[in-house]
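Coordinate analysis (summary)
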Amino acid sequence: VANLSHAKHYAKVFHMPPIRTLAIVLHSAPFAEADRRVTLLTRDAGKRVVIAKSASKPTSKFVARTLPLSHIEVLIAPGRNLDILSECESIDLFADLRKNGKGMSWGLRMSEFVDRALPVGGHMQEFYSLFLHFLEAIRKPSDPAVPAAVFMVKFLALEGVLPSFDRCATCK
């Protein structure tokens, strides 16, 4: 309840309503003493960089939920420079994927790729769905390189830079 009132306070100050959406954590890093800077790929608000207050403290409810590749439901409140992660509920922490070294490695590689390739903001529901399907595919015990290749081709197609497979790119 305190977090919701925090979000409402920021909404009044910055004249922007809080955003409730589904998200996948792309990256998480320490910020200040006990906070974390978390990069999210959201279903409804594109790529967002948020601050999770006190997330580095062992007793924080945000500790496991802000790990890379976590699928979560969030309430994001607007902040002065960076948005604030006010609420966070787990949907799927991909615990089985975290036990699979190959799958986790491919997941983190693709997460970094998505983080670097997509700009902050924008409407990216297709990218969110594609990345979520990729994470679900690599949790299976088969070789994660195949879903990763399919993910890359579909990602490039969404970006509008799909390579030509039917003829030589230089000969055209």
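For the structure, check the block above.
Notes on the structure follow.

What counts and what doesn't
Residues numbered from 1 in each chain as written. Predicted model: local features only at pLDDT ≥ 70, side-chain atom pairs only at ≥ 80, totals over all residues. Heavy atoms only, no water. Axes fitted to C-alpha atoms, helices over the stretch in contact; angles between N-to-C directions. Helix = DSSP H or I, 4+ residues; strand = E, 2+ residues; numbered from the N terminus. Parallel < 35°, antiparallel > 145°, perpendicular 65-115°, else oblique. Contact = heavy atoms within 4.5 Å. Nonpolar A, V, L, I, M, F, W, Y, C, P; charged D, E, K, R; others polar. Salt bridge = Lys/Arg side-chain N within 4 Å of Asp/Glu carboxyl O. Buried < 20%, exposed > 50% of the residue type's maximum accessible area, 1.4 Å probe, protein only. Expected span 1.5 Å × (residues − 1). Arc of directions from axis to C-beta. Pairing = 2+ DSSP bridges.

**Topic: the packing of helix 4 (residues 125-138) against helix 5 (residues 145-159)**
Running from amino to carboxyl end, helix 4 crosses helix 5 at an angle of 175°, the nearest separation of the two axes being 10 Å. Relative to helix 5, the element helix 4 lies roughly antiparallel. Residue-level inspection shows Glu126, Phe127, Leu130, Phe131, Phe134, Ala137 and Ile138 of helix 4 in contact with helix 5, the latter providing Pro147, Ala148, Phe151, Lys154, Phe155, Leu158 and Glu159. Residue classes in the contact of helix 4 with helix 5 are distributed as 11 nonpolar, no polar and three charged.

**Focus: the pattern of salt bridges**
Applying the stated criterion across every chain yields a total of seven salt bridges. Salt-bridge contacts for Asp115 lead to Lys47; the nearest nitrogen and oxygen are separated by 2.9 Å. Taken together, the residues Asp115 in helix 3 (residues 101-117) and Lys47 in strand 3 (residues 47-52) connect sequence positions 68 residues apart. Pair check on accessibility: Asp115 and Lys47 agree, each one buried. The shortest N-O distance in the salt bridge between Arg48 and Asp83 comes to 2.6 Å. You can see Arg48 sitting in strand 3 and its partner Asp83 sitting in strand 5 (residues 83-92), a full 35 residues away along the chain. With respect to burial, Arg48 and Asp83 carry one shared label: buried.

**So, helix 5**
Taking 1.5 Å per residue, 15 residues should reach 21 Å; helix 5 reaches 21 Å between its end C-alpha atoms and fits that length. Taken residue by residue, helix 5 has Pro147, Ala148, Phe151 and Phe155 as its buried positions. For helix 5, the buried positions fall inside an angular range of 100° around the axis, keeping them on one side. For helix 5, the secondary structure elements touched by its buried residues are helix 3 and helix 4.

**So, unusual backbone geometry**
Of note in this structure, Ala32 is not a glycine but carries a positive phi near 60°. Relative to the helices and strands, Ala32 resides in the loop between strand 1 (19-31) and strand 2 (35-42). At Leu69, a residue that is not glycine, the phi angle is positive and equals roughly 80°. Along the chain, Leu69 falls in the loop between strand 3 and strand 4 (71-77).

**Some points on the sheet that holds strand 2**
Read once around its circumference, the closed barrel built from five strands follows the order 1-2-3-5-4, with strand pairing classed as mixed. This sheet shows a mean twist of 50° between the axes of neighbouring strands, independent of strand direction. Alignment of strand 2 against strand 3, held across six bridges, turns out to be antiparallel. Pairing of Val38 across the sheet is with Val50, part of strand 3. Along the sheet face, helix 3 touches strand 1, strand 2 and strand 3 and points at about 105° away from the line of strand 1.

**Observations regarding helix 4**
The terminal C-alpha atoms of helix 4 lie 20 Å apart, and with 14 residues this matches the ideal 20 Å at 1.5 Å per residue to within 8%. Regarding helix 4, the residues found buried are Phe127, Tyr128, Leu130, Phe131, Leu132, Phe134, Leu135 and Ile138. Looking at the buried positions of helix 4, the neighbouring elements they touch are strand 1, strand 2, strand 4, helix 2 (95-99), helix 3 and helix 5.

**Thoughts on the pairing of strand 4**
Within strand 4, six of the seven residues are buried, which leaves the element mostly enclosed by the surrounding structure. Judged from the six bridges that link them, strand 1 and strand 4 form a sheet pairing that is antiparallel. By the bridge assignment for strand 4, Arg20 is matched with Leu75. Where strand 4 meets strand 5, seven bridges bridge the pair, whose relative direction is antiparallel. Bridge pairing in strand 5 places Ala77 opposite Ile84. Taking the residues that link successive antiparallel strands as the turn, the strand 4-strand 5 hairpin has five residues.

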